[in-house]
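The chain contents come next:
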Amino acid sequence: MSAGMTRTKLDDGVWPAGIEPAQRLERPEAIAWDDEADVIVVGYGGAGVIAALEAAAAGLSVLALDRYGGGGATRINGGVYYAGGGTRIQVEAGVTDSVQDMFDYLSLETQGVVTAPTLRRFCQDSAANLDWLAANGVPFNARLYAKKTSYPPSDYYLYHSDSSLAGRYAEKTPPAARGHRVFMPAANRADGYGAGFYDPLRATARERGVRDWNHAQVQQLIQDGQGRVVGVKALRIAPDLPQAAEHQALLAAAHKWQAVPAGFPGGKWAAAKAEKLLAKAAVLKATHARPLRLRARHGVVLSAGGFVYNRAMIQRHAPKYLAGMPLGTPGDDGAGIALGVSAGGAMTGMERMSAWRFINPPQAWARGMIVDASGARYVDETLYGAAIGQEMCERHGGKAYLILDQALYRQAWKDVSQKGVLPFQKYPAMLVMALGRKKAATLPALAARCGFDAEIFAEAAAAYNRLADGAQVDQFGKRASDAGSVRQGPYYALDMSVDAPLAPLPTLTLGGLSVDEVSGQVRDEAGRGIEGLYAAGRTALGVCSNLYVSGLAVADCVFSGRRAGAAIADRAGRARSLAPVAGSG
Ligand SMILES: Cc1cc2nc3c(=O)[nH]c(=O)nc-3n(C[C@H](O)[C@H](O)[C@H](O)COP(=O)(O)OP(=O)(O)OC[C@H]3O[C@@H](n4cnc5c(N)ncnc54)[C@H](O)[C@@H]3O)c2cc1C
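Residues numbered from 1 in each chain as written. Predicted model: local features only at pLDDT ≥ 70, side-chain atom pairs only at ≥ 80, totals over all residues. Heavy atoms only, no water.

Caption draft 1: Examining the sheet that holds strand β5 (residues 80-82) more closely. Strands sit in the order β5-β8-β7-β6 across an open sheet of four strands; the sheet is mixed. With partners counted over all chains shown, the strands left at the sheet margins are β5 and β6 (144-145), one partner each. As defined by bridge partners, β6 adjoins strand β7 (residues 158-159) across two bridges and the pair is classed as parallel. If you follow Leu 144 over to β7, its bridge partner there is Leu 158. (Pairing = 2+ DSSP bridges. Helix = DSSP H or I, 4+ residues; strand = E, 2+ residues; numbered from the N terminus.)

As C-alpha cells, then:
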C-alpha cells in the first residue's frame, strides 16, 4: 500500500480547525477499517437525515455521523417547510396553487441560481415530497393564516412565508400560501418546531436500520488511487466512556452562551464564558477521542451545514454581512465545504447570504418607511424580511432606519401587545422601540439627529406621503393601502442596520459546493463529478441559494438530500448488478 496526501487549497488560513487534506490510498481494501457501510453521511441534520432515509429505503446500509448531537440548524429552526403546486394541505385549506404558479414565483426569487429544469423538478416534486415527509412521521396541518406576516401566530400552520402577497410579486404570479409549519398544537413560541420536523425523521431512519453516531467529527476524506472517495476519518470519544457525556454537556452549555447576541448587554461576557467551556471540551477531546477510519462502499454525503460560524470565511467571502448575527449552530464552520474542496470540489455562490430583517409584526412597522444612511427610501417594506435584508446589505451599505410618525409608533406598541404575537417577535420589537430609537419633533430635526441628507430625506417623506394618499405609484412597488403616512410628529427612527446593537440581524450562508443538479455529485472546477462524493443542504449550492424565503432552506434539504441518497442507490444498484458487494455495515 502506498499512502500519500493531496495538497489542496486548505492551508489559506480561513478553513475550520481540524480539517485535513484528503488522504489518498492506492489500495484502500488493504487497510484495516474501523467500520463500514454502503453510505456514510457526514453531518446528521436536515439534509443528512433525508439522504440517510432515502438510501436506507433503497436497501443500502447507512452510517450517519455528527460532530454534536445531530439535528443541527434544522432541529432548532422555525419548522417552516416551503411546498406548493397543490399539496394535500393546501387543498384541504382551500388554497389554489399549481406547479406552474410555484415555478413562476420561485423563478423570480431564485433568479437562475439553479437551472430552469432543476427548479421545475423541485416544484413538480414538492407535493409528493410533503407526502413523503408525512409518511416518515412529520405532522402537518391545514389551518390557514391568510394575512401577511413574517411568522404566523400559534395554532396556524399554513401561511404566506414569502413575498408573494407584496405588490410587485402579486402582479406577476397569483399568491398562494406555501409555508407549511410543522404541526405542534398550542405552542406559544417559535422554537421546538424544528425538532418536530427532525426527530420523527431520525426515529424513522433508526427503524429502517440507519446507524447514527453522535460526537463523531469528520476531519478527513479518504480517496482511492483514482480519486474516488471511499471513506472518512472521524474523531470520536467512545460513547461508553464517561468523558463522552461530559464532553457533550460542556458543548451544550457553550452553545447556549454562544447564542447571546454580541451587542446585547453581557454579550462579551457570554462569548468569553463560551470560549472557556469550549477550551475544556477541546482538552477532553484531545485526550479521549480516537481517530476512526470508516469505509463507504458506495458514497459519502457531505451534509454538514454552512459556514456562518466561521467568521474568517465570512470575512473572506461575504464581508458585507460580517456585522450580522450568525444564525445556525457552531457546526456551521464550513467543515463540509472544506472536506469537499480537499477532494477537489469547487465552491460556488459563497458571497450569497440571507439576512433576516423581519419587520412584521408589528404590522405598523411595515406601514412605515425604510431609508438608508442618506435618508433615501429603497425598498417595499412589505417584502419578506430576507428581501429587505438583501437590499440593505447588497446595495445600501448595510444601513436601514425605519421611520415612523407618532400614529404608526403608537400603533406598533398596540400591535406587539396583541394576543398571538410570539415572544421572539414581541420582545425584540419592544426593546428597539424603547431603547434603539431616535426621536425628534420634526422631520428635519430627525434628519439632523440621524445624519441624513436633509433634502433627500424630506423628498423621501413627501413621496411616501403621496403614496399613502394614493396620489403616486411607488417606484418600489408598495401598494398605497400598505403605506402609512409620516406627517404627524413626533417622529421616530429605529436603527435596523446590519450592525444595530439592539436589533441583531440574523444571517446564514447560502453558497457551498458546486454539485451536479441531477445527482448531487460534487463537481470540480472543470465541472467533472468527483466519484463517490455528494453534497446536500447548506454544504452545497441549492434552490434557496439566491434569495431565501421561509421554508425554502429545509425544502432544499429535502430535495437535495433525497437526490443524493437516490443517486448513490442508483449507482450502487448498477454496481451490484455487475458484482455483488460482500457484507453489510
Ligand atoms: C433559528 C433558525 C430558524 C430557521 N428557520 C427556518 C425555517 O423555518 N425554515 C427553513 O427552511 N429554514 C430555516 N432556517 C434555516 C435552516 O434551518 C437551515 O438552513 C437548514 O436547516 C440547514 O440544514 P443542513 O442539513 O444543511 O444543516 P444542519 O441541519 O445544520 O446539519 C448539519 C449538521 O452537520 C454537523 N456537522 C458539522 N460539521 C461536521 C463534521 N465535521 N463532522 C460531522 N458532523 C458535522 C452539525 O453538527 C449539524 O448537525 C432556520 C435557521 C435557524 C438557525
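Caption draft 2: The arrangement of the packing of aromatic side chains in detail. By the definition in use, this model includes 19 aromatic pairs. Between Tyr 81 and Phe 140 the ring centres are 6.0 Å apart and the planes differ by 40 degrees, which places this aromatic pair in the tilted class. Separated by 59 residues along the polypeptide, Tyr 81 in strand β5 and Phe 140 in the loop between α5 (116-135) and β6 bring together distant segments of the chain. Residue Tyr 81 shares its accessibility class with Phe 140, and that shared class is buried. Ring centres 5.1 Å apart and planes at 70 degrees place the aromatic pair Tyr 145 and Tyr 156 in the edge-to-face group. Of this pair, Tyr 145 sits in strand β6 while Tyr 156 sits in the loop between β6 and β7, and the two are 11 residues apart along the sequence. For Tyr 145, a relative accessible area of 16% corresponds to the buried category. (Phe/Tyr/Trp six-rings, centres within 6.5 Å; stacked < 30°, edge-to-face > 60°. Buried < 20%, exposed > 50% of the residue type's maximum accessible area, 1.4 Å probe, protein only.)

Caption draft 3: The site of the ligand, seen in detail. Of all residues adjacent to the ligand, which total 37 residues, the nearest are Asp 66, Ala 73, Thr 74, Arg 538 and Val 554. Between the ligand and the protein, one listed contact pairs an oxygen atom with a backbone N or O atom of Gly 551 at 3.3 Å. Between an oxygen atom of the ligand and a main-chain N or O atom of Val 554, the distance comes to 2.8 Å. Burial of the ligand by the surrounding chains reaches 94%, relative to a free accessible area of 1000 Å². Only α1 (46-57), α2 (72-75), β10 (216-224) and α18 (552-578) provide two or more residues apiece to the shell around the ligand. When residues in the shell around the ligand are grouped by element, the largest group, four residues, is from α18. Split into classes, the residues belonging to the shell around the ligand amount to 18 nonpolar, 16 polar and three charged. (Near = heavy atom within 4 Å. Polar contact = N/O pair within 3.5 Å; in protein donor to acceptor, adjacent residues only side chain to side chain. Areas by Shrake-Rupley, 256 points an atom, 1.4 Å probe, with all protein chains shown as cover. Nonpolar A, V, L, I, M, F, W, Y, C, P; charged D, E, K, R; others polar.)

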